[in-house]
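Now for the letters of each chain:
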Amino acid sequence: MTEPYLTQPIDEQSARAVSDAGLRLAIVDTSDDAAFDEWIRADFRGFHSEHPKPELLAEARGYLRDRRTTAVYDDAIPDAGRTSPVGTVNSWIAPLTVPAGATVDSWAISSVTVAPTHRRRGVARALLGGELRTAKALGVPVAVLTVSESVIYGRWGFGPATSATGWRVDTKRVRWAGGETTGRLSFTQPDAYRQTAYDVLNRVMAGRAGEIALSPYLADRLIGPLTGTPDADKYRLVRYDSPSGEPEGFVSYVVKDGDDFVRHTVEVTYLAAATEAAYTAIWRYLLELDLVAEVSIGVRGVDEPLPYLVSDVRGARVASVEDHLWVRILDVPAALTARRYERDGSLVLEVSDDLGFAAGRYRLSVSDGSAEVTATTDAPDVSLSVSALGSVYLGQDAARGLAVAGKLTGDAPAFDALFRTSQPPLLSTWF
Ligand SMILES: CC(C)(COP(=O)(O)OP(=O)(O)OC[C@H]1O[C@@H](n2cnc3c(N)ncnc32)[C@H](O)[C@@H]1OP(=O)(O)O)[C@@H](O)C(=O)NCCC(=O)NCCS
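All of the points below concern the structure found in this document. Computed from a predicted model, the values in this text were never measured in an experiment. (Residues numbered from 1 in each chain as written. Predicted model: local features only at pLDDT ≥ 70, side-chain atom pairs only at ≥ 80, totals over all residues. Heavy atoms only, no water.)

**Quick word on the overall build of the chain**
Per the secondary structure count, the chain includes twelve helices and 19 strands. For a compact globule of 431 residues, the expected C-alpha radius of gyration is about 22 Å, and the chain comes in at 23 Å, within 12% of that figure. If one aligns the C-alpha atoms of the chain with their principal axes, the spans along those axes are about 60 × 60 × 40 Å. Residue burial in the chain is summarised as follows: out of 431 residues, 50% are buried. In the chain, once contacts between residues fewer than 6 apart in sequence are set aside, the share between residues at least 24 apart is 72%. Each charge class in the chain can be summarised by its mean position, and for the 44 positive and 57 negative side chains these summaries are 3 Å apart. (Helix = DSSP H or I, 4+ residues; strand = E, 2+ residues; numbered from the N terminus. Rg over C-alpha atoms; globule rule 2.2 N^0.38 Å. Buried < 20%, exposed > 50% of the residue type's maximum accessible area, 1.4 Å probe, protein only. Contact = heavy atoms within 4.5 Å. Lys, Arg positive; Asp, Glu negative; His and termini not counted. Charge placed at Lys NZ, Arg CZ, Asp CG, Glu CD.)

Listed below in structure tokens is the structure:
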């Protein structure tokens, strides 16, 4: 069955804007290998990646056909103008986990690139506007993306909604302090383990606000290397099974050589743990690897429990803290009723939105953790932009900072008490 988002017509407003700039907007027919290859090449070029080889193009086509794939062409470019895009974007509908484990459909956007030869002429503005209008027309309540630069997407109403931490652990310095671990660890191969890994990943993604359901492409990148991944021949995959034989986690990683043979570095691609037992067993395994002096891992939560598992907390250092998932609310009632709340209360919210999708005054009434949202003319308790609403939507501790900055006005403590969750949201991968 063809997903409705794949057959949704091109956004006319964006097509006009691009045309006014002397360019052409088009949906790419992803069943046309030659056309799709050119789009993939443009996407790779846009992120300064390599020229994709034929096997990589074939793999990418297989994985990405089911995304809505949009291109901008400059037909005036000699030879390749009609076929080689100067702008790219793709999108699909991904269930996004919201507080207390429900999901809401989100419009996931990726591969936003504009050729350096055509930058700052409004191409990205046209592409993003088109994505948001298309999602809105399909009734998708929120749009989401992960970003190369944090300065780009606020103007389209996105707000940073999760934070991610990167870690470096000096494994010659720390000893395991996490108590007994149970279960069985064993090496496996991506092809043999793939279906089981999907099940584990589905549990992980459903278990935390901010995670999204993973397509095979997004999942396979975590399980094993895709074509062209650096150090592909050095990947290791270790699975964790509970004492009763239940698959509950895995870790994929690469061991990098150092000058000193007893001081290798482990770079973790992904650590999936559906249970605490899996989590502790896998961390213990990583920290106790012989001939290794450092383990590095990215895209963990701001509440990562690692420091509690080691004998010397300064041996496990936070190497980075960054904004990660960006959320754009398109339909306030649908978005706010999809999540649950840890406290009850009632507030009138005045939401401003330069693009108009979400603007309005809403009464949010929470009873027994579930919300009702209605339009109201009552005086607002809190006023904020749609981008600020995106930042707090998944429960992140952002309201107090937004209030200090004057980006959220009114009863900030009451708003914070309603929206914030005891567990901060996390997206543990990129898309
Ligand atoms: C980011 C990118 C897509 C922008 O494309 P573009 O067509 O040049 O952007 P536009 O001309 O439509 O710019 C729209 C607005 O965003 C601003 N903007 C765009 N890119 C920006 C950037 N990298 N930093 C700061 N502002 C930026 C523009 O100044 C403009 O601002 P305005 O609304 O105040 O006029 C393009 O520079 C690119 O491909 N970069 C490399 C790949 C990348 O990082 N993609 C994003 C992936 S998440």
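**Side note on the packing of aromatic side chains**
Counted under the stated rule, the structure contains eleven aromatic pairs. On the numbers, 6.0 Å between centres and 85 degrees between planes, the contact of Tyr5 with Trp107 is edge-to-face. Note that Tyr5 is positioned in helix H1 (residues 4–7) and Trp107 in strand E4 (residues 103–114), a separation of 102 residues in sequence. Residue classification places Tyr5 among the buried residues on the basis of a relative accessible area of 7%. Of the residues examined, Trp107 reaches a relative accessible area of 0% and is grouped as buried. Ring plane angle 80 degrees and centroid distance 5.8 Å describe the contact between Trp92 and Phe431, whose orientation is recorded as edge-to-face. Here the residue Trp92 occupies a position in strand E3 (residues 87–97), and Phe431 occupies one in the segment after helix H12 (412–419), the gap between them amounting to 339 residues. Neither residue differs from the other here; Trp92 and Phe431 are each classed as buried. Three or more aromatic residues joined by ring pairs make a cluster, and in this case those are Tyr153, Trp156 and Phe158. Above the face of the Trp156 ring, Arg155 is positioned so that its terminal group lies 5.8 Å from the ring centre. (Phe/Tyr/Trp six-rings, centres within 6.5 Å; stacked < 30°, edge-to-face > 60°. Lys NZ or Arg CZ within 6 Å of the ring centre and 35° of its normal.)

**Focus: the pairing of strand E17 (residues 370–375)**
Strand direction decides the pairing type here: strand E16 (residues 360–367) and E17, joined by six bridges, are antiparallel. Bridge pairing in E17 links Val366 to Ala371. The antiparallel hairpin formed by E16 and E17 contains two residues in its connecting segment, where Asp368 sits at a positive phi of about 50 degrees. (Pairing = 2+ DSSP bridges.)

**A closer look at the packing of helix H3 (residues 33–46) against helix H4 (residues 54–64)**
Where H3 contacts H4, the two axes come as close as 10 Å, and the packing angle between them is 100 degrees. With respect to H4, the axis of H3 lies roughly perpendicular. Contacts between H3 and H4 pair Asp33, Phe36, Asp37, Ile40, Arg41 and Phe44 from the former with Leu56, Leu57, Ala60, Arg61 and Leu64 from the latter. Among the residues making up the contact of H3 with H4, the classes are represented as seven nonpolar, no polar and four charged. (Axes fitted to C-alpha atoms, helices over the stretch in contact; angles between N-to-C directions. Parallel < 35°, antiparallel > 145°, perpendicular 65-115°, else oblique. Nonpolar A, V, L, I, M, F, W, Y, C, P; charged D, E, K, R; others polar.)

**Some thoughts on the environment of Ala358**
For Ala358, the location among the structural elements is in the loop between strand E15 (345–352) and E16. Taking C-alpha positions, Ala358 is 9.4 Å from Arg328, a pair spaced 30 residues apart along the chain. In this view, Ala358 contacts Arg328, Ile329, Leu330, Val332, Val351, Asp353 and Val386; residues no more than four positions away in its chain are not counted.

**Quick notes on the nonpolar core**
Ranked by internal contacts, the top residues of the largest apolar core, which has 104 residues, are Phe158, Leu201, Phe250, Leu364, Tyr393, Phe415 and Phe419. Of all the elements, helix H6 (residues 190–206) adds the most residues to this core, at seven residues. With 27 residues, the next largest nonpolar core counts Ala278, Leu286, Leu306 and Leu309 among its residues. (Core = buried A, V, L, I, M, F, W, Y, C linked by side-chain atoms within 4.5 Å.)

**Some remarks on the layout of surface pockets**
Taken as a whole, the second largest pocket spans an internal volume of roughly 610 Å³. Lining the second largest pocket are 24 residues, and of these Arg208, Ala273, Tyr279, Arg300 and Gln423 lie nearest its centre. Mapped onto the lining of the second largest pocket, the elements with two or more residues apiece are H6, strand E11 (264–273), helix H8 (276–287) and strand E12 (292–300). When residues in the lining of the second largest pocket are grouped by element, the largest group, four residues, is from E11. Here the residues of the lining of the second largest pocket are counted per class, giving eleven nonpolar, six polar and seven charged. (1 Å grid on protein atoms, 1.4 Å probe; cavity = no way out; pocket = protein on both sides within 12 Å on 5 of 7 lines; lining within 4 Å. Points joined across faces, edges and corners; volume = space filled by probe spheres on them.)

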